[in-house]
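One letter stands for each residue in the lines below.
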Amino acid sequence: MRKVDPEKHEAKRQQILQAAVTCFAVKGFHRTSTAEICAEAGMSPGNLFYYFPNKQAIIAAIVEEERRQTADYFEGTVQSTDLFAELLDFMDIVLELASDPTYLKLALEIAAEAMRDEEIGKLVTKNDNELQVSLNTLLRNAAARGQVDPTLDPADSARWIAALIDGVFSRVAIDPGFNPLEQRPMLRLLITRFLRPGAAPTT
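What you see is a predicted model; the values in this text were computed from it and never measured.

(A) Spatial organisation of the packing of helix 5 (residues 83-98) against helix 7 (residues 118-144). Put simply, helix 5 and helix 7 touch, their axes get as near as 9 Å, and they point 150° apart. Overall, the two elements helix 5 and helix 7 adopt an arrangement that is roughly antiparallel. Two secondary-structure elements touch here, helix 5 through Leu83, Glu86, Leu87 and Phe90 and helix 7 through Leu131, Leu135, Leu138, Leu139, Asn141 and Ala142. For the contact of helix 5 with helix 7, the per-class residue count stands at eight nonpolar, one polar and one charged.

(B) Expanded view of the environment of isoleucine 174. Tracing the backbone through its elements, the reader meets isoleucine 174 in helix 8 (residues 154-174). Spatially, the C-alpha atoms of isoleucine 174 and leucine 152 are 32 Å apart, while their sequence positions differ by 22 residues.

(C) The pattern of salt bridges, seen in detail. With the rule as written, the count across this model stands at 14 salt bridges. A salt bridge links arginine 13 to glutamate 10; its shortest N-O distance comes to 3.3 Å. Within this pair, arginine 13 and its partner glutamate 10 are both found in helix 1 (residues 6-27), separated by three residues, close to a single helical turn. We classify glutamate 10 as partly exposed; its relative accessible area is 34%.

(D) Broad picture of the nonpolar core. Formed by 29 residues in total, the largest nonpolar core has its most connected members in Leu87, Phe90, Met91, Ile161, Ile165, Ile191 and Leu195. Elements that contribute at least two residues to this core include exactly helix 4 (55-75), helix 5, helix 6 (101-116), helix 7, helix 8 and helix 9 (184-195). It is helix 5 that provides the largest number of residues to this core, a total of nine residues. When residues no more than four places from it in sequence are discounted, the contact partners of leucine 195 are Phe84, Leu87, Leu139, Val148, Asp149, Leu152, Ser157 and Ile161.

(E) Geometry of the side chain of asparagine 136. By the secondary structure assignment, asparagine 136 is in helix 7. Not counting residues within four places of it along the chain, the set of residues in contact with asparagine 136 comprises Pro154, Ala155 and Ala158.

(F) Helix 6, seen in detail. For helix 6, with 16 residues, the first-to-last C-alpha span of 23 Å sits near the 22 Å given by 1.5 Å per residue. Restricting attention to buried positions, one finds in helix 6 the residues Leu104, Leu106, Ala107, Ile110 and Glu113. Packed against the buried residues of helix 6 are helix 1, helix 4, helix 5, helix 7 and helix 8. Where helix 6 begins, one side-chain oxygen reaches toward the backbone nitrogen of threonine 102, 2.9 Å away; that side chain belongs to aspartate 100.

(G) The environment of proline 185, seen in detail. For proline 185, the position within the fold is in helix 9. Separated by 142 residues in sequence, proline 185 and methionine 43 have C-alpha atoms that sit 44 Å apart.

(H) Fine view of the layout of surface pockets. In this model, the largest pocket occupies a volume close to 1100 Å³. Lining of the largest pocket is provided by 38 residues; of these, Glu66, Thr70, Tyr103, Ala107 and Phe169 occupy positions nearest its centre. Of all the secondary-structure elements, those providing two or more residues to the lining of the largest pocket are helix 1, helix 4, helix 5, helix 6, helix 7 and helix 8. Here the element with the most residues in the lining of the largest pocket is helix 4; it accounts for nine residues.

(I) Geometry of the packing of aromatic side chains. Enumeration over the complete set of coordinates arrives at six aromatic pairs. Here phenylalanine 74 and phenylalanine 90 contribute two aromatic rings whose centre-to-centre distance is 4.8 Å and whose plane-to-plane angle is 50°, an arrangement assigned as tilted. With phenylalanine 74 in helix 4 and phenylalanine 90 in helix 5, this pair connects stretches of sequence that are 16 residues apart. One exposure class covers both phenylalanine 74 and phenylalanine 90, and it is buried. Summarising the aromatic geometry, the rings of tyrosine 103 and phenylalanine 169 are spaced 6.0 Å apart at their centres and angled 45° between planes, so their arrangement reads as tilted. Here phenylalanine 169 lies in helix 8 and tyrosine 103 lies in helix 6, a separation of 66 residues in the sequence. Classification of phenylalanine 169 by relative accessible area gives buried; the value is 11%. By the ring-pair criterion, three or more aromatic residues cluster together here, those being Tyr73, Phe74 and Phe90. Just above the ring of phenylalanine 84 sits the side chain of arginine 196; from NZ or CZ to the centre is 4.6 Å.

Definitions and cut-offs
- Residues numbered from 1 in each chain as written.
- Predicted model: local features only at pLDDT ≥ 70, side-chain atom pairs only at ≥ 80, totals over all residues.
- Heavy atoms only, no water.
- Axes fitted to C-alpha atoms, helices over the stretch in contact; angles between N-to-C directions.
- Helix = DSSP H or I, 4+ residues; strand = E, 2+ residues; numbered from the N terminus.
- Parallel < 35°, antiparallel > 145°, perpendicular 65-115°, else oblique.
- Contact = heavy atoms within 4.5 Å.
- Nonpolar A, V, L, I, M, F, W, Y, C, P; charged D, E, K, R; others polar.
- Salt bridge = Lys/Arg side-chain N within 4 Å of Asp/Glu carboxyl O.
- Buried < 20%, exposed > 50% of the residue type's maximum accessible area, 1.4 Å probe, protein only.
- Core = buried A, V, L, I, M, F, W, Y, C linked by side-chain atoms within 4.5 Å.
- Expected span 1.5 Å × (residues − 1).
- Polar contact = N/O pair within 3.5 Å; in protein donor to acceptor, adjacent residues only side chain to side chain.
- 1 Å grid on protein atoms, 1.4 Å probe; cavity = no way out; pocket = protein on both sides within 12 Å on 5 of 7 lines; lining within 4 Å.
- Points joined across faces, edges and corners; volume = space filled by probe spheres on them.
- Phe/Tyr/Trp six-rings, centres within 6.5 Å; stacked < 30°, edge-to-face > 60°.
- Lys NZ or Arg CZ within 6 Å of the ring centre and 35° of its normal.

Fair warning: the whole summary comes from geometry, so function is off the table for now.
Structural data, given as C-alpha cells:
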C-alpha cells in the first residue's frame, strides 16, 4: 500500500477547498455541482471524492478552516503586551474580509446554510462559541492589565463584539454605500469608547 504524503494530501485538500470557495461565491452552495468544483480544481470526480465524500463535507471543511484560522490568530496574541491593540487589529481583519466580495458571499452562504443544515449549524455555533471564548479571555486579560475598562463584564462585551462582527457583513450585504474599510476609523472609535471610555481612539 502506497504511503500518503501528508503535505501533498493537504495541498490537494486546500486546492479543492479554494476551488469550492470560488464556485460557491458565484452560484451558492446548492446551485454549485461537484462537477463544477472538479472543473475549477482541475481534477476528476474520483480524485475529489477521495478527499471529500460529498459537497456537505466540503462545506464543513470550509467552516472548520475558518475556525482554525481564528483560533490561530488569538493564540498568537497570548504573548502580546497590548491586548487592546490586538483586538483592534482583529477587527481590521474583519473589515478586510467583509470588503472581499468572494469572502462576503461565502460568509453569507454559510450563515444561511447553518439555518438549513443541522450539522453545518452545529459547526457554525461551535465557531461562534469559540470566538466568544477567545474574545472573553482577551478582554479579561486586558482588563487585568488596565488596558480596557475592568467594570465591563467580559462575556457580555465579547457577545456584543461578536454581534458587531455579524452586523458588518449584514450591512455590506444590504447597503451598497457601506464601505467597510472606509468605516475603519469609526469602528475603532466605537470600540475605544465602549471598552476604554475617556481614551483617545487608536488610528
